[in-house]
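What the coordinates show
Here is how the chains run, residue by residue.
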Amino acid sequence: GHQQSVGQALREAFGYRSFQLLMLGYFVCGFQVVFIGVHMPSYLKDHGLAPQVATTALALIGLFNVFGTYTAGLLGQRMAKRHILSAIYLLRSVVIVLFLWAPLTPLSVYLFAAVMGFLWLSTVPPTNAIVAQVFGVQYMSMLGGIVFFSHQIGSFLGVWLGGKLYDLTGSYDVVWWIAVGLGVFAGLANQPVRETPIMRPTAVLA
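Here is a short report on the structure shown in this document. (Residues numbered from 1 in each chain as written. Predicted model: local features only at pLDDT ≥ 70, side-chain atom pairs only at ≥ 80, totals over all residues. Heavy atoms only, no water.)

Secondary structure assignment for the chain yields nine helices and zero strands. Seen in sequence order, the chain has helices and strands lined up from the N terminus as α-α-α-α-α-α-α-α-α. Here the C-alpha atoms of the chain give a radius of gyration of 19 Å, agreeing with the 17 Å that 2.2 N^0.38 yields for 206 residues. Taken along the three principal axes of its C-alpha coordinates, the chain extends 65 × 35 × 25 Å. Among the 206 residues that make up the chain, the fraction classed as buried is 45%. At a minimum sequence separation of 6, the contacts of the chain that also span at least 24 residues come to 85%. Here the chain has roughly 10000 Å² of accessible surface; of this, 71% comes from carbon and sulfur atoms. Measuring between centres, the 10 positive side-chain charges of the chain sit 14 Å from its 5 negative side-chain charges. (Helix = DSSP H or I, 4+ residues; strand = E, 2+ residues; numbered from the N terminus. Rg over C-alpha atoms; globule rule 2.2 N^0.38 Å. Buried < 20%, exposed > 50% of the residue type's maximum accessible area, 1.4 Å probe, protein only. Contact = heavy atoms within 4.5 Å. Areas by Shrake-Rupley, 256 points an atom, 1.4 Å probe, with all protein chains shown as cover. Lys, Arg positive; Asp, Glu negative; His and termini not counted. Charge placed at Lys NZ, Arg CZ, Asp CG, Glu CD.)

Rendered as structure tokens:
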């Protein structure tokens, strides 16, 4: 029943550690998925795989993304959402490491695409739910958009750095391992996130 101005809502959110951690996690999400979506076809081509392998892989990512996002939404009703987010980011790192270590074949690419697709946008339901739980729904769209803006910054850096380091080294290996490290970082960063409604002083409630 309380009312806030836009300025109050922004100051409250940016000063709240859990909101900052969600933004960091979404930054990593953007870095990983857009780097993979844009640069994986070139990576596969460099390793001698046919173009249709990359096309099929991207299609599998899109298909399994539907199932992963739906599953994350269901799980978010039954368990702590911060644990779901941590698991998603950590699993992405594990999947990337296995992909890099395994022999690169069409089958390994398809398996990677299916699992990564399952983890692709599954971060969205738990992240948006935490924003709503903590801050309420009055400015949920605005705050969710700000968190997603962090995702877009990560997306830009993932695409740009992928190309930049490829030009410098002739390989995507460094960026793959950066994505692994960022996934571990995001998994740990989401653990301290608080999901309970924020305690507001009386002055804000008035």
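After that view of the structure, there is still more to cover.
Another aspect to go through is the packing of aromatic side chains. Scanning the entire structure with this criterion turns up 14 aromatic pairs. Seen in terms of ring centroids, Y16 and F135 are 5.7 Å apart; in terms of plane orientation they differ by 80 degrees. Their pairing is edge-to-face. Placement of Y16 in the loop between α1 (6–14) and α2 (17–46) and of F135 in helix α6 (residues 124–135) is noted, with a sequence separation of 119 residues between them. A relative accessible area of 6% means that F135 is categorised as buried. (Phe/Tyr/Trp six-rings, centres within 6.5 Å; stacked < 30°, edge-to-face > 60°.)

Read these as layout, nothing more, since geometry by itself doesn't imply function.
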